[in-house]
Amino acid sequence: MNIGEIAKRAGVSRSTVSYALSGKRPVSEDTRQKIQQVIDELGYQPNASARALANGRTNTLGLVFPPAGNHYTGMQLDFIGSVTEAAAAYDYDVLLSPSGVDSDRSFQRLLGERRVDGAILMEIRLQDDRLDHLAAVDFPSVAIGRTADPQGSWWVGLDHTALAAACVHHLADLGHRRIAFVNRPEQLLRAGYESAHRGLDGFTKAAAERGLTVRTYCCGDDAASGQACLERILHDDPATTALVTLNEAALGGLYRGLAQADRHVPRDFSVTGVVAGRWAETVTPQLTAADVPAEQMGRLAVDLLVERLDHPDAPPRHQLLAPPISLRASTGPTGTTPADPATDLHDPTHP
């Protein structure tokens, strides 16, 4: 079925059908309804490529999301799912590009062949050449994360500085004086990943403010690395009684390491961090954490990108999120029962 057949059955010209479908020129309401009736009867679906040529839109969004290691973590998959679902609500498809830098062939195909109307970028670095390139060619994009200088750009971010600091203050309030920080892999820190840097900054400053003895560690995105990291923590300072982590993929290994060291959580050792809620609830005891709102962030990024596509002259907008710490069962003063679960600390910037 094609436009010619629709025009023949509706008794109009091919160009009239094309204008009715694309909206490029006005068509009388009677004619439009006649064409629509034929389309409904025939179950016609316009070819996506032809529609893109007609209206200059592909109805596809690009998601530029390089895996940090050799696989996507659970949290990363949560973000991919949230963007896909939010885009579908706007009748957009999503094309995933595992691009790390603007010179990647995948990234260049995405732009050069205009496969997408706009792009959402993830795993943002403090200095990110992909965002610089998109801005230079005026290609509509929204970042999930912030560069070192995010002014004048479109983004949705999580305040890792405030959230890591909130975790430190929570532990300090419980009496912990020797705390470890478990960050993302070292190569991500070297590459300038903003979440790793801002989380480390928030942890370090809060610990200094509270006069704590701390050590910081980079850890691979897997359970085995988490267990090895926990062993290093206890080897370096056996008096450590708590840790803060940004690494959800290592969480199971951290718990396993504590169990093998005969450290009961939370009686002997408290664990907290910045982790997606559903992952915080997969460990036992459930993790006290600043829950990463992956679904909300993906939805907000799509909302902003669609807004930017529909209103090209709109001024840049952004949203910085700082969810409360959800108190579950993994933190408490040494030698006592854990804090009452299912409550929130509502101010992530205050002890």
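Given the structure is predicted, the values throughout are model-derived calculations rather than measurements. (Residues numbered from 1 in each chain as written. Predicted model: local features only at pLDDT ≥ 70, side-chain atom pairs only at ≥ 80, totals over all residues. Heavy atoms only, no water.)

Focus: the pairing of strand S1 (residues 60-64)
Taking burial as the measure, the five residues of S1 include five buried ones, the bulk of the element. In this structure, S1 lies alongside strand S2 (residues 93-97), joined through five bridges in parallel fashion. What sits directly across from Leu63, in S2, is Leu96. Here S1 runs beside strand S3 (residues 118-121); their pairing, made up of four bridges, is parallel. From the neighbouring strand, Leu63 faces S3, where its bridge partner is Ile120. (Buried < 20%, exposed > 50% of the residue type's maximum accessible area, 1.4 Å probe, protein only. Helix = DSSP H or I, 4+ residues; strand = E, 2+ residues; numbered from the N terminus. Pairing = 2+ DSSP bridges.)

Details of helix H7 (residues 129-136)
Every buried residue of H7 is accounted for by Arg130, Leu131 and Leu134. Each buried residue of H7 sits inside an arc of 95 degrees when the element is viewed along its axis, so together they form one side. Exposed side of H7, more than 90 degrees from the buried face: Asp132, Ala135 and Ala136 are the residues found there. Where H7 is buried, its residues meet S1, helix H6 (105-112), S3 and strand S4 (141-144). A positive backbone phi angle near 55 degrees is found at Asp138, which sits one or two residues after H7. (Arc of directions from axis to C-beta. Contact = heavy atoms within 4.5 Å.)

A word on the layout of surface pockets
The space that makes up the largest pocket amounts to roughly 560 Å³. Taken together, 29 residues make up the lining of the largest pocket; nearest its centre are Ala135, Ser141, Gly152, Ser153 and Arg308. Elements supplying a minimum of two residues to the lining of the largest pocket: H7, S4 and helix H14 (294-310). Ranked by the residues each element gives to the lining of the largest pocket, the list is headed by H7, at four residues. Broken down by class, the residue content of the lining of the largest pocket amounts to 16 nonpolar, seven polar and six charged. (1 Å grid on protein atoms, 1.4 Å probe; cavity = no way out; pocket = protein on both sides within 12 Å on 5 of 7 lines; lining within 4 Å. Points joined across faces, edges and corners; volume = space filled by probe spheres on them. Nonpolar A, V, L, I, M, F, W, Y, C, P; charged D, E, K, R; others polar.)

Points about the pairing of strand S9 (residues 270-276)
The buried fraction of S9 is high, at seven of seven residues. The side-chain alternation of S9 yields two buried faces, one formed by Ser270, Thr272, Val274 and Ala276 and the other by Val271, Gly273 and Val275. Here strand S8 (residues 242-245) runs beside S9; their pairing, made up of four bridges, is parallel. Of the residues in S9, the one forming a bridge with Ala242 is Ser270. You can see the chain leave S8, run along helix H12 (residues 251-260) and come back into S9, and the turn it takes is right-handed. (Right-handed = clockwise from strand over helix to strand, strands pointing away.)

A word on the pattern of salt bridges
On inspection of all chains with the given rule, the structure shows 14 salt bridges. Across the pair Glu281 and Arg328 runs a salt bridge, and its minimum N-O distance is 3.7 Å. With Glu281 in the loop between helix H13 (277-280) and strand S10 (288-292) and Arg328 in the loop between strand S12 (325-327) and strand S13 (343-345), this residue pair connects regions lying 47 residues apart in the sequence. The class for Arg328 is buried, based on a relative accessible area of 9%. (Salt bridge = Lys/Arg side-chain N within 4 Å of Asp/Glu carboxyl O.)

With respect to the packing of aromatic side chains
This model, assessed by the stated rule, comprises two aromatic pairs. Aromatic pair Phe65 and Tyr72: ring centres 5.4 Å apart, planes at 75 degrees, arrangement edge-to-face. According to the relative accessible area criterion, Phe65 is buried, its value standing at 1%. When the centroid spacing of 4.7 Å and the interplanar angle of 25 degrees are considered together, the rings of Phe181 and Phe203 count as stacked. Of this pair, Phe181 sits in strand S6 (residues 178-183) while Phe203 sits in helix H10 (residues 194-210), placing them 22 residues apart in sequence. (Phe/Tyr/Trp six-rings, centres within 6.5 Å; stacked < 30°, edge-to-face > 60°.)

Things to note about the packing of helix H1 (residues 3-10) against helix H3 (residues 29-42)
Between H1 and H3, the shortest axis-to-axis distance is 9 Å and the interhelical angle comes to 120 degrees. By the criterion of interaxial angle, the relationship of H1 to H3 is oblique. Regarding H1 and H3, the two cross each other, and that crossing is right-handed. For the pair formed by H1 and H3, the contact residues are Ile6, Arg9 and Ala10 on the first element and Lys34, Ile35, Val38, Ile39 and Leu42 on the second. Here the residues of the contact of H1 with H3 are counted per class, giving six nonpolar, no polar and two charged. (Axes fitted to C-alpha atoms, helices over the stretch in contact; angles between N-to-C directions. Parallel < 35°, antiparallel > 145°, perpendicular 65-115°, else oblique. Left-handed = near helix turned anticlockwise from the far one by under 90°.)

A word on empty space enclosed by the protein
Across all of its chains, the model carries two cavities of 30 Å³ or more by this definition. Here the largest cavity is characterised by a volume of approximately 400 Å³. Taken together, 24 residues make up the lining of the largest cavity; nearest its centre are Met75, Glu123, His160, Arg184 and Ser195. Put simply, the parts of the chain that give the lining of the largest cavity at least two residues each are helix H5 (74-89) and H10. Top element by residues in the lining of the largest cavity is H5. It accounts for three residues.

Quick look at unusual backbone geometry
Geometrically, the link from Val265 to Pro266 is a cis peptide bond, its omega value of 5 degrees lying close to zero. Secondary-structure assignment places Pro266 in the loop between H12 and S9. The omega torsion across Thr284 and Pro285 is 0 degrees, close enough to zero to call that bond cis. One can find Pro285 in the loop between H13 and S10. Not every positive phi belongs to a glycine, and Glu123 is a case in point at roughly 55 degrees. In this structure, Glu123 sits in the loop between S3 and H7. The phi dihedral of Asp262 falls on the positive side, at around 60 degrees, and the residue is not glycine. With respect to the helices, strands and loops of the structure, Asp262 is situated in the loop between H12 and S9.

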